[in-house]
Amino acid sequence: MNINATLFAQLIVFFGLVWFTMKFVWPPIAKALDERADKIAEGLAAAERGKSDFEQAEKKVAELLAEGRNQVAEMVANAEKRAAQIVEEAKEQASAEAARITAQAKADVEQETNRAREALREQVASLAVKGAESILRSEVNAEKHAQMLSTLKQEL
């Protein structure tokens, strides 16, 4: 055998193998590699979208928390204002009630004072009648009568 014929036969077999590989083996491998690259790219894009969605969700949560805190602070402030208002109204009602009770007490005192004066007048009148009675039972003397009346005037 000649080395040239063997080399030529090997060359034909090699080119046949290259042609067979390029025609039947290489396209499915390239297709599988392309599909795999597409899947990887889609996965990376989905990861990026997920990351941006997560960041947006975190921002929204932070905003909602801040808004919630503001609302709670506002509610607490309103409750404190309402409590102060209720206390103020209670003070005003208590003041009004105290003034009413004081006025009622003054009216009661005035009424009792008038009753005491009336009772005193009745007693004075009774004493005057007794005094006049005693004067009349005793002797009739102008000086004594005048003296008794002046004493009664001073007592009244």
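Residues numbered from 1 in each chain as written. Predicted model: local features only at pLDDT ≥ 70, side-chain atom pairs only at ≥ 80, totals over all residues. Heavy atoms only, no water.

**Quick look at the overall build of the protein chain**
Broken down by element type, the protein chain carries 2 helices and 0 strands. By the burial criterion, 1% of the 156 residues in the protein chain qualify as buried. As displayed, the protein chain offers around 14000 Å² of accessible surface, 62% of which is attributable to carbon and sulfur atoms. (Helix = DSSP H or I, 4+ residues; strand = E, 2+ residues; numbered from the N terminus. Buried < 20%, exposed > 50% of the residue type's maximum accessible area, 1.4 Å probe, protein only. Areas by Shrake-Rupley, 256 points an atom, 1.4 Å probe, with all protein chains shown as cover.)

**Focus: the UniProt feature "transmembrane region" (unreviewed entry) in the protein chain**
Here the UniProt-annotated "transmembrane region" (unreviewed entry) positions come out as residues 6–26. Counting secondary structure, residues 6–26 comes out at 100% helix and 0% strand; the distance between its end C-alpha atoms is 27 Å. (UniProt positions renumbered as here; feature names shortened; annotations may be inferred.)

**Structural notes on the pattern of salt bridges**
Applying the stated criterion across every chain, the model contains 2 salt bridges. A salt bridge links R100 to E97; the shortest N-O distance between them is 2.4 Å. Pair noted here: R100 and E97 are both in helix α1 (residues 3–137), with a separation of 3 residues, about one helical turn. R100 sits in the partly exposed class, given a relative accessible area of 47%. On the basis of relative accessible area, E97 is assigned to the partly exposed category, the value being 36%. (Salt bridge = Lys/Arg side-chain N within 4 Å of Asp/Glu carboxyl O.)

**Some points on the packing of aromatic side chains**
Scanning the entire structure with this criterion turns up 3 aromatic pairs. Here W19 and F24 contribute two aromatic rings whose centre-to-centre distance is 6.2 Å and whose plane-to-plane angle is 90°, an arrangement assigned as edge-to-face. Taking relative accessible area as the criterion, W19 reaches 53% and is therefore assigned exposed. The exposure class of F24 is partly exposed, given its relative accessible area of 45%. An aromatic cluster of at least three residues, connected via ring pairs, comprises W19, F20 and F24. (Phe/Tyr/Trp six-rings, centres within 6.5 Å; stacked < 30°, edge-to-face > 60°.)

**Considering a negative patch on the surface**
Taken together, the side chains of D34, E35, D38 and E42 define an acidic patch exposed on the protein surface. Tracing the chain through its elements places D34 in helix α1. (Patch = residues over 30% accessible without salt bridge, like charges linked within 9 Å, V, L, I, M, F, W, Y side chains within 5 Å. Lys, Arg positive; Asp, Glu negative; His and termini not counted. Charge placed at Lys NZ, Arg CZ, Asp CG, Glu CD.)

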